[in-house]
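Summary of the model geometry
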Amino acid sequence: MSTPSPLVGVAAALASQPPTRTVFSQFSLTGKVALVTGGGRGIGLEVAAGFAEAGATAYCLDLSKQPDDDFVTAQKFVAQMPPLANNVKNGRIEYISGDVTDQKQMWKVAEDIVAKEGRLDICFANAGILAGADCLEYSAEDFTKILNVNVNGVLYTAQAAGRQMEKLGIQGSIILTASMSGSISNQNQKWVAYTTSKSAVIQMARSMACELGPKGIRVNSLSPGYIYTKMTKAFLDSHTDLMEEWCSQNPLGRLGRPDELRGVCLWLASDASTFCTGSDIIVDGGHRAW
Ligand code: NDP
């Protein structure tokens, strides 16, 4: 069974509609509300600012009590954007301090957003941590810590948003940040906890997509390759020659930038991807192509 097509593209032509450009408006997030975890900096902040540029109000949740300088600067930048169109409210980013490993707190965060904004359309469950140790020596405590943030925290975030979407009958989009490390191992890295956690996130997206599909809620995972952020900088700074090694591992010969994830996240969050669910979207500069 197919759903009725909106009057865009060829359907608009066949219905003798006056020609109008609709392809960009399919990417619009005007009036939509998003929750972005790990949104205080790095990939989360970049994607949240992109959502806001497209018209959304994005609530950025991160661990620190106060937003750091990157967030404050980005918030001012977004606030000074020229208007999207006449009588259309611009998007914005707001900061929330929170911990994704606290399930009750995360559920309450989403409830509070809905109490304030009346809706929640988009969730980017993105907070994650990275550390390494010899796989035969990995302590239970360190292994559990990574899984708690990268797996449990992602589940609690997706639950928090999904519960509100279900309650309000919103056909929302949930994006879980996995990694290429969820389907390959990182050469020369001892990241067994991290790779295990990201594999779980890819499978979590498939599983949730299947359960939530009948409610019209979409769930996908995003698998970036190496992106230059504070997370990877910490590794690169303490391992000489690593930058060159990582760059040489993909056909483009470089690391990615956080802004190179804006387009794919906007596509996943918006009505431009309404038939995409249960997919893992790989954005890795071709790392897995050879
Ligand atoms: P960053 O370390 O720059 O940002 C992650 C943010 O998440 C930090 O601000 C961190 O806060 C926050 N965070 C950590 N734990 C929690 C928690 N318990 N509750 C709330 N927030 C928390 O990393 P990136 O932007 O690079 O990474 C974002 C996501 O992308 C992660 O899931 C990562 O695994 C994934 N990814 C990154 C890649 C890369 O190359 N950078 C590649 C593939 C995937 P704090 O600093 O205070 O701990």
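Summary of the structure given here. Along each chain, the written sequence defines residue order, and numbers are assigned to residues from 1. A pLDDT threshold of at least 70 governs which residues receive local features in this predicted model, and a stricter bar of 80 or more applies before side-chain atom pairs are shown or counted, although totals over entire chains, interfaces and linings include all residues. Note that water and hydrogens are dropped before the side-chain values are worked out from all heavy atoms of the structure.

Considerations on the overall build of the chain
Helical segments are the DSSP runs of H or I of at least four residues, strand segments are the runs of E of at least two, and each set is numbered from the N terminus. In terms of helices and strands, the chain carries nine helices and seven strands. Each principal axis of the C-alpha atoms in the chain carries an extent, and together these give about 65 × 40 × 40 Å. Burial classes: relative accessible area under 20% of the type maximum marks a residue as buried, over 50% as exposed, and values in between as partly exposed (1.4 Å probe, protein chains only). Relative to its 290 residues, the chain shows a buried fraction of 45%. In the chain, of all internal contacts separated by at least 6 residues, the share reaching a separation of at least 24 is 76%. Each accessible area is a Shrake-Rupley result for a 1.4 Å probe, and residues are judged covered by the shown protein chains and nothing else. Within the structure as shown, the chain displays about 15,000 Å² of accessible surface, and the carbon and sulfur contribution to it stands at 54%. Of the side-chain charges in the chain, 25 are positive and 28 negative, and the distance between the mean point of each set is 7 Å. Whether two residues are in contact is decided by their heavy atoms: any pair within 4.5 Å suffices. His is not counted here, nor are the chain ends, while Lys and Arg score as positive and Asp and Glu score as negative. All charge positions are set by atom: Lys at NZ, Arg at CZ, Asp at CG, Glu at CD.

Thoughts on the site of the ligand
Summary of the distance rule: residues count as near a molecule or strand when at least one heavy atom falls within 4 Å of that molecule or strand. Around the ligand sit 27 residues in total, of which Arg41, Asp62, Tyr194, Ile227 and Thr229 are the nearest. When the ligand is considered free in solution it has 890 Å² of accessible area, and contact with the protein chains removes 90% of it. For the shell around the ligand, the secondary-structure elements that each account for two or more residues are α2 (42–53), β2 (57–62), α6 (192–212) and α7 (230–238). Each residue is assigned to one class: nonpolar for Ala, Val, Leu, Ile, Met, Phe, Trp, Tyr, Cys and Pro, charged for Asp, Glu, Lys and Arg, and polar for all the others, Gly among them. For the shell around the ligand, a count of residues per class yields 13 nonpolar, 10 polar and four charged.

With respect to the nonpolar core
What is meant by a nonpolar core is a set of buried Ala, Val, Leu, Ile, Met, Phe, Trp, Tyr and Cys residues, joined one to another through side-chain atoms within 4.5 Å. Ranked by internal contacts, the top residues of the largest apolar core, which has 36 residues, are Ile113, Leu120, Ile174, Leu176 and Val219. Contributing elements (two or more residues each) for this core: β1 (33–37), β2, α4 (103–117), β4 (122–125), α5 (140–168), β5 (173–177) and α6. No other element matches the eight residues that α5 contributes to this core. Residues contacting Leu176, with those up to four places away along its chain left out, are Ala125, Val154, Ala158, Val201, Met204, Ala205, Val219, Asn220, Ser221 and Leu222.

Topic: the state of the cysteines
Defined by distance alone, a disulfide is two cysteine sulfur atoms within 2.5 Å. One pass over the full model with this rule turns up zero disulfides. In this structure Cys276 is not part of a disulfide, and its nearest cysteine sulfur, from Cys265, lies 12 Å away.

Let's talk about the sheet that holds strand β3 (residues 92–97)
If DSSP finds at least two bridges between two strands, the strands pair. The strand order β3-β2-β1-β4-β5-β6-β7 describes an open sheet built from seven strands, whose pairing is parallel. Both edges of this open sheet fall to β3 and β7 (280–283), since each of them pairs with a single strand only. Taking the axes of each pair of neighbouring strands and ignoring which way they run, one obtains an average angle of 20 degrees across the sheet. Sheet topology places strand β6 (residues 218–224) next to β7; four bridges connect them, and they run parallel. Note on β7: the bridge partner recorded for Ser223 is Ile282. The convention used is that axes are lines fitted to C-alpha atoms, helices contributing only their stretch in contact, and that angles between N-to-C directions extend from 0 to 180 degrees. The sheet contacts of α6 involve β5, β6 and β7, and relative to β6 the element is tilted by about 160 degrees.

A word on α2
Owing to its 3.6 residues per turn, the α-helix brings residues three or four apart onto one side. The end-to-end C-alpha distance of α2 is 17 Å, a good match for the 16 Å that 12 residues give at a rise of 1.5 Å each. Across the 12 residues of α2, nine count as buried, placing the element largely inside the fold. Residue count minus one, scaled by 1.5 Å, sets the expected span of a helix.

Here's the deal with the pattern of salt bridges
Side chains that differ in sign of charge can pair as their charged atoms come close. The salt bridge definition used is simple: a Lys or Arg side-chain nitrogen within 4 Å of an Asp or Glu carboxyl oxygen. For the structure on display, the rule yields 11 salt bridges. With a shortest N-O distance of 3.5 Å, Lys32 and Asp271 are connected by a salt bridge. Taken together, the positions of Lys32 in the loop between α1 (9–14) and β1 and Asp271 in the loop between α9 (262–269) and β7 put the pair 239 residues apart, joining distant regions of the chain. Owing to a relative accessible area of 18%, Lys32 belongs among the buried residues under this scheme. With relative accessibility at 42%, the residue Asp271 sits in the partly exposed group.

Observations concerning the packing of α5 against α6
At a minimum axis distance of 8 Å, the contact between α5 and α6 shows a crossing angle of 20 degrees. Judged by the inter-axis angle, α5 sits roughly parallel to α6. Crossing of α5 against α6: the hand is right-handed. Touching Phe143, Ile146, Leu147, Asn150, Val151, Val154, Leu155, Ala158 and Gln159 of α5 are Val192, Ala193, Tyr194, Thr196, Ser197, Lys198, Ala200, Val201, Met204 and Met208, all from α6. The class makeup of the residues in the contact of α5 with α6 is 14 nonpolar, four polar and one charged. Here the word oblique covers every angle except those under 35 degrees (roughly parallel), over 145 (roughly antiparallel) and from 65 to 115 (roughly perpendicular). What makes a crossing left-handed is the near helix being turned counterclockwise from the far one by less than a right angle; a clockwise turn instead makes it right-handed.

Comments concerning the pairing of β1
Counting buried residues along β1, five of its five residues qualify, which places the element largely inside the surrounding structure. Side-chain alternation along β1 places Val33, Leu35 and Thr37 on one buried face and Ala34 and Val36 on a second face that is also buried. Taken together, the five bridges between β1 and β2 define a ladder with parallel strand orientation. Within β2, the residue paired with Ala34 across the bridge is Ala58. A crossover counts as right-handed when, viewed with the strands pointing away from the observer, the path leading from the first strand over the helix to the second turns clockwise. What joins β1 to β2 is α2, and the crossover it makes is right-handed.

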